[in-house]
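Coordinates in review
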Amino acid sequence: MNPALEKLLQQPGIWRGCEDARWVSTVSTGYPDLDALLPGGGWPLAALTEIVVERYGVGELRLLLPGLIGLLRQREGWMAWVSPPYTPYAPALAGAGIDLTRMLVVRPGDDTDALWAVEQALASGACVAVVAWVEAVSDRRLRRLQLAAETGGGWAVLFRPPGTLAQSSPAALRLKLVAQHRGCQLHVLKSRGGHPAVLDEF
Amino acid sequence: MTRKREKSLSLFPPPRCARPIALAGHSEPPPLESSTAHRSQLWLALHLARLPLEVFSSHQDGALVVVEGQGSQRRVLIASPGARALGIRKHQGLNAAFALAPELAVLERDPEQEQRTLERLAAWMGRFSPMVSLEPPQGLLVEVRGSLRLFGGLDSLEAQIHARLEKLGYTIRTGVAPTPLAALWLARAGRPEAVLEPHRLPARLAPLPLTCTGVEERVLEALAGMGVHRVGECLRLPRDGLVRRFGAEYLALLDRALGRQPDPRQAFKFPERFQTSADLVVEAKQLAPLWPGIERLLGEMEGFLRSRQLGVDRLHLGLRHADGSVTPVELELVQPTSRIPHVMGLLEERLARFSLSAPVTALELSAAGLRPLGHQSGCLFGQPVPGQRFSGELLERLRVRLGREAVYSLRLVPEHRPEAAWRKVEPGVVGQGAPNDARPAWMLEQPVPLRGAGNRPRYGGELRLEEGPERIETGWWDGRSVARDYYVASNPRGMRLWIYRERRGRRGWFLHGVFG
């Protein structure tokens, strides 16, 4: 497609009526307000979710945890965290309800290896969820990750730095977390079959 | 003595006692039904017609011959398809062959390698039957009566054997008969139709040329002089005359082939270990030409694993160089497997960024760790295994490329010191310790000292203490004592942080965790 047209269609204000509004399946986010905003009523499975954060510690994990725990309960498989920015602290995660025996931490040496690991983990079908922290990803790579997620059926979450907002993305869901003085604000930038929205949360 | 029975219901007359073979009085052949043992046996013979050529690894595109003999007496034993196209044939002198194809590649026949290959293939055949017998130099015997049901019938079994051996790079001819010798003769003669009943043997063996019986040249010539070229003609000769002229063993040979005498075979003893190697015809300067050879060796290993119901969890691939040194490539797996495509994928991944230090002349493969399949090592998977059957394979694939320590799981440790309350561990292992949902999800590797004076620490702005203090004072017994007051703090940018004030030693505020 014409790149200028593609860019135009990525604008949050444009709603495409022909887009298929149903996802294959979703898992509840654990937050009723957010569920109401997302098509399918939850996080999209077999698809890519991109979350843009300016800084960590604003509640980005708290956002994901109920969905991850629910998914671990419903399905069998690993939950893989690839290149987390800090050390995942086992007592806190266990306290939140995560089954540590189902969790894999993957620490590749660089972004290329990290993207490869995410693709492998998604495509294998052995992971119910893959959460990855990456910086620069080419458009082609993002498509491959989306495809890998569709193949394996798991939930893929990519945390990206703020500079990447301008890049168009094949992700099914794009969110932005903006830290407020207390708590944070959630912007739904793009969702397949839904509208952009803003949620003042927590 | 024979006994007659009144009733005979079945198609085959009831068995009689085996008559002892008397040295005198060969005039009457013992009846065909005298030995019941072989009636219930069905032998499949494999004749590897091109074994002397196929022991050398697969590259057979060019003109290649295997010769045997000494010095100037060397003659062509087998010619590759490329050489045959140029007119080279068996028994030609080497000079004649060179005249036809100046760039001919010549290999000396390697009987030791042939014997080793035969043994490896015998071990590989163990996947089809427990009773395998060697018939050097180029034959294998397999007793398959008991395997027919499992492999879906004789046709299916033969087809599978053909397909798999061809994939490994061996050309075979098979013969099926109730006696080992008959099966061998049929295989050598290239008769694909199986003989299933002993009483059909004389008729089916009759048209075979005597050359496929493996009898000595002088006997063959003598028989040819009498006008006897085929087995059937030989069978019509008077038995006493045959014994007088050639000796009793030739008569015994015919009797064994027809099932009149038992023909017990030495069972091949399956090796405990798997170790194999293959010489390369042309030395390889890059990795790409090695893959067909590696695939072939892995195929042999698969046969071995299947026949023993084992899985491999440690693999050693050796790349041998001209000076005798070996470059090792080790592969370690999370769980024993016999799935060769997966192992192949891991090897490809491991060798993807490999560069050869010297040209490779031979490949070696051995299975260093063998374990029974189907037993999950208890310590790895204490909890129910994650559903996917191949979940261990994902771990292996990740570790092959990223390194073993790059993939791990977390475990709780019963400890008050926050940094010691967890540990890296093999995936799936359960730990004991206390979950604590008041702790931050992110912990820093090393606590970061905070700026700011006195009671006003700063990190991205002035921090506001929200919860705390939580005093942790412990660890005096192992020298890493800790005396800290922990607080939950927030900064103007909206981050929630876990900080502490050091109460002993280096005073000051530190950042230890981030609430995700």
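What you see as residue numbers is a count from 1 along each chain, following the sequence as written. Here every chain gets a letter starting at A, and every ligand a number starting at 1, in the order they are written. Since the coordinates come from a predicted model, pLDDT governs what is reported: local features require at least 70, and pairs of side-chain atoms require 80 or more to be given and counted, while whole-chain, interface and lining totals use all residues. Each side-chain value is derived from all of the structure's non-hydrogen atoms; neither hydrogens nor water enter the calculation.

**Overview of the packing of aromatic side chains**
Stacked, tilted and edge-to-face pairs are distinguished by plane angle, under 30 degrees for stacked and over 60 for edge-to-face with tilted covering the rest, among Phe, Tyr and Trp rings (Trp via its six-membered ring) whose centres lie within 6.5 Å. Inspection of the entire model under this criterion finds 17 aromatic pairs over all chains. Between the aromatic rings of Trp124(B) and Phe128(B), the centroid separation amounts to 5.8 Å while the plane-to-plane angle is 65°, which identifies the pairing as edge-to-face. For Phe128(B), a relative accessible area of 4% translates into the label buried. Judged by centre distance (5.5 Å) and plane angle (85°), the rings of Phe268(B) and Phe270(B) are edge-to-face. Burial here depends on accessible area, computed with a 1.4 Å probe over protein chains only, as a share of the maximum for the residue type. Under 20% is buried, over 50% is exposed, and the range in between is partly exposed. With a relative accessible area of 13%, Phe268(B) lands in the buried category. In textbook terms, an aromatic cluster arises when at least three aromatic residues are bridged by ring pairs, as seen for Tyr56(A), Trp81(A), Tyr86(A), Trp133(A), Phe159(A) and Trp442(B). Positioned above the aromatic ring of Tyr500(B) is the side chain of Arg484(B), whose terminal nitrogen or guanidinium carbon lies 4.4 Å from the ring centre. The aromatic ring of Phe515(B) is capped on one face by Arg496(B), whose charged end is 5.0 Å from the ring centroid. To sit over a ring, a charge needs its Lys NZ or Arg CZ within 6 Å of the ring centre and within 35 degrees of the ring normal.

**Quick notes on the pattern of salt bridges**
Side chains carrying opposite charge are able to pair once their charged atoms draw close together. All names here are of chain B. Every case where a carboxyl oxygen of Asp or Glu lies within 4 Å of a side-chain nitrogen of Lys or Arg is listed as a salt bridge. Per the stated rule, a full pass over the model turns up 38 salt bridges over all chains. Measuring nitrogen to oxygen at the nearest pair gives 2.9 Å for the salt bridge that ties Arg471 to Asp485. Separated by 14 residues along the polypeptide, Arg471 in strand S15 (residues 464-474) and Asp485 in strand S16 (residues 482-490) bring together distant segments of the chain. Two residues, Arg503 and Glu473, come together in a salt bridge whose shortest N-O distance is 3.0 Å. Of this pair, Arg503 sits in the loop between strand S17 (496-502) and strand S18 (508-514) while Glu473 is found in strand S15, placing the two residues 30 residues apart along the sequence. Secondary structure elements are defined from DSSP: runs of H or I of at least 4 residues count as helices, runs of E of at least 2 residues count as strands, and each element is numbered from the N terminus.

**Some details on the interface of chain A and chain B**
Each partner contributes to the interface: chain A provides 49 residues, whereas chain B provides 49 residues. Summed over both sides, the interface of chain A with chain B buries roughly 4200 Å², with 63% coming from carbon and sulfur. Between chain A and chain B we count 1 salt bridge in total. The shortest N-O distance in the salt bridge between Arg401(B) and Asp113(A) comes to 2.9 Å. We call two residues contacting when some pair of their heavy atoms lies within 4.5 Å. Note: buried area is the sum, over both parts, of the accessible area (probe 1.4 Å) each one loses when the two are combined.

**Observations concerning the packing of helix H6 (residues 180-189) of chain B against helix H11 (residues 248-258) of chain B**
All names here are of chain B. It is the contact of H6 with H11, at a shortest axis distance of 6 Å, that shows an interaxial angle of 90°. Considering their axes alone, H6 and H11 lie roughly perpendicular with respect to each other. Contact residues: H6 offers Leu181, Ala182 and Trp185, while H11 offers Leu253, Leu254, Arg256 and Ala257. Gly is put with the polar residues, along with every residue not named as nonpolar or charged; the nonpolar set is Ala, Val, Leu, Ile, Met, Phe, Trp, Tyr, Cys and Pro, and the charged set is Asp, Glu, Lys and Arg. For the contact of H6 with H11, the per-class residue count stands at 6 nonpolar, no polar and 1 charged. Throughout, an axis means a line fitted to C-alpha atoms (over the contacting stretch in the case of helices), and angles, computed between N-to-C directions, take values from 0 to 180 degrees. Note on terminology: angles under 35 degrees are roughly parallel, angles over 145 are roughly antiparallel, angles of 65 to 115 are roughly perpendicular, and the others are oblique.

**With respect to helix H13 (residues 340-351) of chain B**
A helix is expected to reach a length of 1.5 Å times the quantity of its residues less one. For H13(B), built from 12 residues, the straight-helix expectation of 16 Å at 1.5 Å per residue is met to within 8% by its first-to-last C-alpha distance of 16 Å. Buried within H13(B) are the following residues: Ile340(B), His342(B), Val343(B), Met344(B), Leu346(B), Leu347(B) and Leu351(B).

Any link to function would need more than the numbers given here.
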